[in-house]
Amino acid sequence: MNPLLQEEREYPFARLLETKRRRQAEGRRVLDFGQGDPRDPTPAFIRRALADGVPEVSSYPTVKGKPELRESIARYLKRRFGLDVDPDRHILPVTGTKEGIFTSHLALLDPHGTRRGVVVFEPAYPVYVQGARYAGGTVHAVTVTRQTGFRPDPESFDPEMLAHTAVMWINYPHNPTGAEADAAWYARMRELSREHHFILASDECYADLGFGTPHPSVLVPEEAPDFDGVLAFHSCSKRSCMTGFRSGFVVGDPKWIAVLARFRPSVGVATPAFVQDAATAAWDDDAHVQEIVERYRRRREHFLEAFAHRGWHHDGGNATFYLWLRVPEVFGDAIRFADRLLEEDILVTPGPFLGAGGEKHVRFALVSTEDDSREAAARLQRIQP
Ligand SMILES: Cc1ncc(COP(=O)(O)O)c(C=O)c1O
């Protein structure tokens, strides 16, 4: 057995899920804002595209995917970010960004090389660390705080760390805080990646879930056609309520896209053709995304009002479906506060489950209905330590 499996901690959320199940068995209505898995319906036109795509004769899908999918992604990138990309050289479908993130390390890293550092900024989605470890990378975790908007300060990086970095992961809009990045910060990060010869990998799966000005991409039109050393990961999961479909894409430097295209046939992670058809329909449409964002905006307002009423602080930003609530001091630490909320039948994720820097926060994922959000907001008014 791979010894890394022995080091795996028990899934930290398991205890809270067990408590949720117990309370539900007692007939209580538990309002679940724990995991970032939207519980809203996938738009009907996307489900139809999937059903219509199921063929009579089933064949293995290809790693590069259908041209129709890559072309619809290219149209999306043009509409959304003004990017001109070549669907054949710059884009590769992935079977959900989780899969894309995890397995890419196996292709991008030399496990025996001197440069195999993978830099992550915590608190963070845990899959960057997992992918790096299983591929023989050396993880450098740097904690980010609200003082710098949950973005690392590029001028503060340790030169020794940069000299060994092969891949640096960034993720804006940010899970778990909802923090955003701006064009100038992305430009500085791209500059650093070239100066120090590492791949800048940007997880942009929440790019379209924002409540202010549209969030930029790490990729900018000025750097076409090569986007030297930069890759961006996008997903249908959150943009289109399609977590179960497992579909996303990676776009960027054709040199690294070619490396991934060479690696992926060995793994068996090509996206099924009918899922590609559903994704093609999804990337070609923006109206459904606006509806989804409006839904999150309304839920968010219920919570933000409730927090303001109590004098509590959402320390994160103006994007994603997450709220990053600073634990009010009278409630103790994040784990105790999450336990206390669960006594009121509200399930959230304690910040420490998302790595260093999460000790003083809990994360609300606004994936339950507006009614549940309103009800939770009311319960928050009553809760005492
Ligand atoms: C930051 C981040 N990246 C990637 C993913 C995985 O998304 P997908 O469904 O595309 O695999 C998630 C899911 O929660 C996420 O929060």
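1. Comments concerning the pairing of strand β12 (residues 361-365)
- Of all five residues that make up β12, five are buried, and the element is covered over most of its length.
- By the bridge criterion, five bridges tie strand β9 (residues 322-326) to β12 in an arrangement that is antiparallel. Residue pairing across strands places W324 opposite R363, the latter belonging to β12.
- In this sheet, β12 lies alongside strand β11 (residues 349-350) in antiparallel orientation, the contact comprising two bridges. Pairing of P350 across the sheet is with V362, part of β12.

2. Here we look at the site of the ligand
- The environment of the ligand is made up of 14 residues, and the closest members are T97, D203, S235, S237 and K238.
- A distance of 2.5 Å is found between a nitrogen atom of the ligand and a side-chain nitrogen or oxygen belonging to D203.
- Separating an oxygen atom of the ligand from a side-chain N or O atom of K238 is a distance of 2.6 Å.
- When the ligand is considered free in solution it has 400 Å² of accessible area, and contact with the protein chains removes 92% of it.
- Of all the elements in the fold, those that place two or more residues in the shell around the ligand are α5 (97-108) and α9 (236-239).
- Considered class by class, the residues forming the shell around the ligand number four nonpolar, six polar and four charged.

3. Some points on the environment of S58
- If you trace the backbone, S58 turns up in the loop between α3 (44-53) and α4 (67-81).
- Among the residues examined, S58 registers a relative accessible area of 65% and is labelled exposed.
- Along the chain, S58 and F274 lie 216 residues apart, while their C-alpha atoms are 10.0 Å from each other.

4. Regarding the environment of D345
- Following the sequence through the fold, D345 ends up in the loop between α13 (334-343) and β10 (346-347).
- For the pair D345 and H112, spaced 233 residues apart in sequence, the C-alpha separation works out to 49 Å.
- Among all residues touching D345, those that are not within four sequence positions of it are R23, R28, R29, V30, L31 and R379.

5. Brief notes about the packing of α5 against helix α10 (residues 254-263)
- Interhelical geometry of α5 versus α10 gives an angle of 100° and a closest axis separation of 9 Å. In terms of axis orientation, α5 runs roughly perpendicular to α10. Contacts between α5 and α10 involve T103, S104, L106, A107 and L108 on the former and, on the latter, W256, V259, L260 and F263.
- Along the lines of polarity and charge, the residues of the contact of α5 with α10 split into seven nonpolar, two polar and no charged.

6. Digging into the sheet that holds β11
- One open sheet accounts for three strands, arranged β9-β12-β11; its pairing is antiparallel. Two strands lie at the open edges of the sheet, namely β9 and β11, each paired on one side alone.

7. Describing α4
- For α4, built from 15 residues, the straight-helix expectation of 21 Å at 1.5 Å per residue is met to within 8% by its first-to-last C-alpha distance of 21 Å.
- Here α4 has its buried residues at L69, R70, S72, I73, A74, Y76, L77 and F81.
- Once α4 ends, the next one or two residues include G82, with phi positive near 70°.

8. Some details on the state of the cysteines
- All chains considered together, the criterion is met by zero disulfides.
- The thiol of C236 is unpaired, and the distance to the nearest cysteine sulfur, on C241, comes to 11 Å.

9. Observations concerning the domain arrangement of the protein
- By domain assignment, the protein separates into domain 1 (3-42 + 287-382) and domain 2 (55-283).
- Inter-centroid distance (C-alpha atoms) of domain 1 to domain 2 is 26 Å.
- Taken together, the contact pairs 34 residues of domain 1 with 32 residues of domain 2.
- Taken together, the two surfaces of domain 1 and domain 2 that pack against each other cover about 2900 Å², and 59% of this comes from carbon and sulfur.
- Where domain 1 meets domain 2, there are one salt bridge.
- Inspection of the domain 1/domain 2 interface yields 14 residue pairs in polar contact (both at pLDDT 80 or more).
- Secondary-structure elements contributing two or more residues to the side of domain 1 that touches domain 2 are α1 (3-7), α12 (287-310) and β9.
- Of all the elements, α12 adds the most residues to the side of domain 1 that touches domain 2, at eight residues.
- Broken down by class, the residue content of the side of domain 1 that touches domain 2 amounts to 14 nonpolar, ten polar and ten charged.

Quick notes on the rules
- Residues numbered from 1 in each chain as written.
- Predicted model: local features only at pLDDT ≥ 70, side-chain atom pairs only at ≥ 80, totals over all residues.
- Heavy atoms only, no water.
- Buried < 20%, exposed > 50% of the residue type's maximum accessible area, 1.4 Å probe, protein only.
- Helix = DSSP H or I, 4+ residues; strand = E, 2+ residues; numbered from the N terminus.
- Pairing = 2+ DSSP bridges.
- Near = heavy atom within 4 Å.
- Polar contact = N/O pair within 3.5 Å; in protein donor to acceptor, adjacent residues only side chain to side chain.
- Areas by Shrake-Rupley, 256 points an atom, 1.4 Å probe, with all protein chains shown as cover.
- Nonpolar A, V, L, I, M, F, W, Y, C, P; charged D, E, K, R; others polar.
- Contact = heavy atoms within 4.5 Å.
- Axes fitted to C-alpha atoms, helices over the stretch in contact; angles between N-to-C directions.
- Parallel < 35°, antiparallel > 145°, perpendicular 65-115°, else oblique.
- Expected span 1.5 Å × (residues − 1).
- Disulfide = S-S within 2.5 Å.
- Domains from an automatic or database assignment.
- Buried area = accessible area lost by both parts, 1.4 Å probe.
- Salt bridge = Lys/Arg side-chain N within 4 Å of Asp/Glu carboxyl O.

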